[in-house]
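Listed here are the chains, written in short residue letters.
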Protein chains: 2
Amino acid sequence: MAGKVEARRAALREKLVELAEAQIVAEGLGSLKARQLAKEAGCALGAIYNVFEDMTALVLEVNGRTFQQLGATVRGSLEGAEHLDPNARLIRMSHAYLGYAADNTHLWRALFDVDMSTENAVPQWYMQALGELFALIAAPLAELFPEKDRDELSLMTRALFSSVHGMVLLGLQQRISGVPRDQIAEMISQVLGQIGKN
Amino acid sequence: MAGKVEARRAALREKLVELAEAQIVAEGLGSLKARQLAKEAGCALGAIYNVFEDMTALVLEVNGRTFQQLGATVRGSLEGAEHLDPNARLIRMSHAYLGYAADNTHLWRALFDVDMSTENAVPQWYMQALGELFALIAAPLAELFPEKDRDELSLMTRALFSSVHGMVLLGLQQRISGVPRDQIAEMISQVLGQIGKN
DNA sequence: CAAACACATTGAACGTCGTTCATGACTACC
DNA sequence: GGTAGTCATGAACGACGTTCAATGTGTTTG
């Protein structure tokens, strides 16, 4: 009967992550409460802390899954698009990013809204997943700007990612500059369409 | 002796806004606490709620000032730059936006981090101040794209603002894509430099 | 000027939050 | 089957924004 405890903990861990994800999907990160979560999982309040360092760690676990999905979505947008010119590929990826964010707004927002102030260590998988995303962007850019060196390409990559992120972020939120999804896509096309033209 | 109460309330209101602003400047929006604020202002905890609907209303007051400063900064960046081509003016404004955000990070972040979920009514001055900012961007764009109609220009304006905002946002925060300020400026120049070229 | 009323101010108390930890229960090993 | 060690439990803690009965002050009237 060895490992009974570990099995139980692993099961609880899994259940908590799934319930937390469901809650974030349904009502956003701000609605995720430890007590409610424990009740839904049928466990004690304190049990959460046997399995996760704190609530932030639990959210980071959810974010890990989200990042996987987001990465897969962006990567998938390139399938069957290898023949397109670099510019069109950039736009496809950006539209995929927009699509994921629009269809999974709460999960996507949790990626950026989670508290990372205290934990000075951003999880390494966070940076790695981001690096993979950046690599997808860098490839078409390298074709567009063959004369640029590694550092210049890296900067351009970050610039474009941040640009698209900004348009999606503000476009999706009512407050600042809320706009229908088609128009966000149009904005992205307009801005990215100019890249590399000279 | 009529109006003694109102004078006191007005003075308290002013003092609270200034203390709140100082606190946000020093340690960010998340560090602003009602009890600490009351202590610093030398008033009762409940006194805050005699003068403001809730803490969010107080923060919105601070944000009002911030928006004024930000607008003035961006507007000021155009002084003596009227002779520059539209593209260069866009870049100047964007660099001014970056400069304000970098020099007043906490105040600037409060503009976007304040809770506006419950209060369905975004203050009208919020939208107005934003509209003025957008107008500054729209002017050079209208020169760059004389063939575009009002709606197209509006979309382009929002697109560029959001792009620049995204680059500044992610560039200034350690987490995602933190980068020295010069490099953020360089990113902006790269992206905006392409606009309107064809 | 004084008295009585209206209203502003107060801070203890409320409900909620994340997190902790003494206690009691259960597992694992002999 | 008994015992030592480990784990789960949920009441309790401190901090938070917010409220409201009680207290104090300003204003008005006789």
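Nothing here was measured: the structure is a model prediction, and the numbers come from that model. (Residues numbered from 1 in each chain as written. Chains lettered and ligands numbered in written order. Predicted model: local features only at pLDDT ≥ 70, side-chain atom pairs only at ≥ 80, totals over all residues. Heavy atoms only, no water.)

## Description of the overall build of chain A
Stage number 1. Within chain A, the secondary structure is distributed over 10 helices and 0 strands.
Stage number 2. For chain A, the N- to C-terminal ordering of α and β elements is α-α-α-α-α-α-α-α-α-α.
Stage number 3. Projected onto the principal axes, the alpha-carbon positions of chain A cover approximately 65 × 40 × 35 Å.
Stage number 4. Sorting the 198 residues of chain A into buried and exposed places 48% on the buried side.
Stage number 5. In chain A, 66% of the contacts between residues at least 6 apart in sequence involve partners at least 24 apart.
Stage number 6. In the form shown here, chain A has an accessible surface area of approximately 9,800 Å², with 50% of it arising from carbon and sulfur atoms.
Stage number 7. Charge centroids of chain A, computed over 19 positive and 24 negative side chains, lie 6 Å from each other. (Helix = DSSP H or I, 4+ residues; strand = E, 2+ residues; numbered from the N terminus. Buried < 20%, exposed > 50% of the residue type's maximum accessible area, 1.4 Å probe, protein only. Contact = heavy atoms within 4.5 Å. Areas by Shrake-Rupley, 256 points an atom, 1.4 Å probe, with all protein chains shown as cover. Lys, Arg positive; Asp, Glu negative; His and termini not counted. Charge placed at Lys NZ, Arg CZ, Asp CG, Glu CD.)

## Things to note about the UniProt feature "DNA-binding region" (unreviewed entry) in chain A
Stage number 1. Feature annotation in UniProt assigns "DNA-binding region" (unreviewed entry) to the following positions: residues 33-52 of chain A.
Stage number 2. Within the segment residues 33-52 of chain A, helix and strand shares are 60% and 0% respectively, and the terminal C-alpha atoms sit 14 Å apart. (UniProt positions renumbered as here; feature names shortened; annotations may be inferred.)

## A word on the packing of helix H4 (residues 55-76) of chain A against helix H7 (residues 124-144) of chain A
Residue and element names in this part refer to chain A.
Stage number 1. Viewed as axis vectors pointing N to C, H4 and H7 meet at an angle of 10 degrees, and their least axial separation amounts to 10 Å. The angle between H4 and H7 places the two elements in the roughly parallel class. Each of Leu-60, Asn-63, Gly-64, Phe-67, Gly-71, Val-74 and Arg-75 in H4 lies in contact with H7, whose residues at this interface are Trp-125, Tyr-126, Ala-129, Leu-130, Glu-132, Leu-133 and Leu-136.
Stage number 2. By residue class, the composition of the contact of H4 with H7 is 9 nonpolar, 3 polar and 2 charged. (Axes fitted to C-alpha atoms, helices over the stretch in contact; angles between N-to-C directions. Parallel < 35°, antiparallel > 145°, perpendicular 65-115°, else oblique. Nonpolar A, V, L, I, M, F, W, Y, C, P; charged D, E, K, R; others polar.)

## Re helix H8 (residues 150-172) of chain B
Stage number 1. Between its first and last C-alpha, H8(B) extends 33 Å over 23 residues, near the 33 Å set by a 1.5 Å rise per residue.
Stage number 2. Within H8(B), 17 of the 23 residues are buried, which leaves it mostly tucked inside the rest of the structure. (Expected span 1.5 Å × (residues − 1).)

## Let's talk about the UniProt feature "domain: HTH tetR-type" (unreviewed entry) in chain A
Stage number 1. As annotated by UniProt and renumbered to match this structure, "domain: HTH tetR-type" (unreviewed entry) occupies residues 10-70 of chain A.
Stage number 2. Secondary structure content for residues 10-70 of chain A is 75% helix and 0% strand, while the C-alpha to C-alpha distance between its ends is 25 Å.

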